Structures are given as C-alpha cells and as structure tokens.
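Descriptive structure summary
Given next are the chains, with one letter for each unit.
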Amino acid sequence: NLFGELAPKDRQVEQKKMFGWPCCFVNGNLFAGLHKQSMIFRLSAVDQAILLQLDGAAEFEPMPGRKMKGYATLANSLTRDRKELAKWMGQSLEYARALPAKAKKAAKPVKGGLQKT
C-alpha cells in the first residue's frame, strides 16, 4: 500500500509488475519499484552515490551476482520517512523521464498458430 501511495499520480507513469513486485515505468523505462523488503530506484550516478551513503542502501541485485547498473535499493521501506521515500521517487522519475523512450516489443506469436483477435 505504501508504494501505491508514493507512486507518482502522473498519466505518463505506468504501474506493472517486474520480478513479481509492483513497479513504475515512464516512457517504457523502469524507474522505481519494490523488490522483497526494499524499494528500488533508478538514479543518476550522482544521486545514486548519495543514496548509497544511507543506512540500508545498496546497489540493486535482483539475483546474487547480477547487479543492475544505475539502480539502488533502500531496505525496510515501511520504517522509513515517507518524505524521504517520496524525494527519491521524484528524483528517480525525473531521471527516467530524461532517458530515451523504449520501443514497445512486438507481440509474441501464439503457439499452435492461433492468435487472439
């Protein structure tokens, strides 16, 4: 519920699941989400360096040994100050807005040759 409250109320922001958790996208780019007990943020190198100095912050590693460049996490988001989380959510959105939009992937063909119409 906290993530839903913090998610930007912007018609360009799309919410969908990634890694089985709710996430926010703008122009097809993931910019914030949940992963286990942490909130993830896509940030500029400068902002990421600042966030990583906070207690409970780490580089985002969805699977051991598989860090996602440009993303950082804040552990225990339920116990953190909402203003702090909202600030990072806003920083993340603004950074992702400046990235090139991702092209939508073509629909995968349906097995057996039958397609929905």
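Residues numbered from 1 in each chain as written. Predicted model: local features only at pLDDT ≥ 70, side-chain atom pairs only at ≥ 80, totals over all residues. Heavy atoms only, no water.

**Section: the overall build of the chain**
In terms of helices and strands, the chain carries three helices and six strands. The linear arrangement of helices and strands in the chain, starting from the amino end, is α-β-β-β-β-α-β-β-α. Considered along the principal axes of its C-alpha atoms, the chain spans approximately 55 × 35 × 30 Å. For the chain, with 117 residues in total, the buried portion stands at 38%. In the chain, of all internal contacts separated by at least 6 residues, the share reaching a separation of at least 24 is 50%. In the form shown here, the chain has an accessible surface area of approximately 8100 Å², with 53% of it arising from carbon and sulfur atoms. Mean positive and mean negative side-chain charge positions of the chain (20 and 10 charges, respectively) differ by 11 Å. (Helix = DSSP H or I, 4+ residues; strand = E, 2+ residues; numbered from the N terminus. Buried < 20%, exposed > 50% of the residue type's maximum accessible area, 1.4 Å probe, protein only. Contact = heavy atoms within 4.5 Å. Areas by Shrake-Rupley, 256 points an atom, 1.4 Å probe, with all protein chains shown as cover. Lys, Arg positive; Asp, Glu negative; His and termini not counted. Charge placed at Lys NZ, Arg CZ, Asp CG, Glu CD.)

**Digging into the nonpolar core**
Ranked by internal contacts, the top residues of the largest apolar core, which has 23 residues, are Phe31, Met39, Phe41, Leu51 and Met89. Sorting the residues of this core by element identifies helix H1 (2-6), strand E2 (21-26), strand E3 (29-35), strand E4 (38-42), strand E6 (71-75) and helix H3 (82-97) as the ones contributing at least two each. Per element, the largest residue contribution to this core is five residues, and it comes from H3. The contact partners of Met89, leaving out residues within four places of it in the chain, are Phe3, Leu6, Ala7, Pro8, Phe31, Ala32, Met39 and Phe41. One finds Cys23, Phe25, Leu30 and Phe60 within the second-largest nonpolar core, a separate group that totals six residues. (Core = buried A, V, L, I, M, F, W, Y, C linked by side-chain atoms within 4.5 Å.)

**Quick word on the side chain of Ser38**
Here Ser38 is to be found in strand E4. With residues near it in sequence (within four places) discarded, Ser38 still touches Gly33, Thr73, Leu74 and Ala75.

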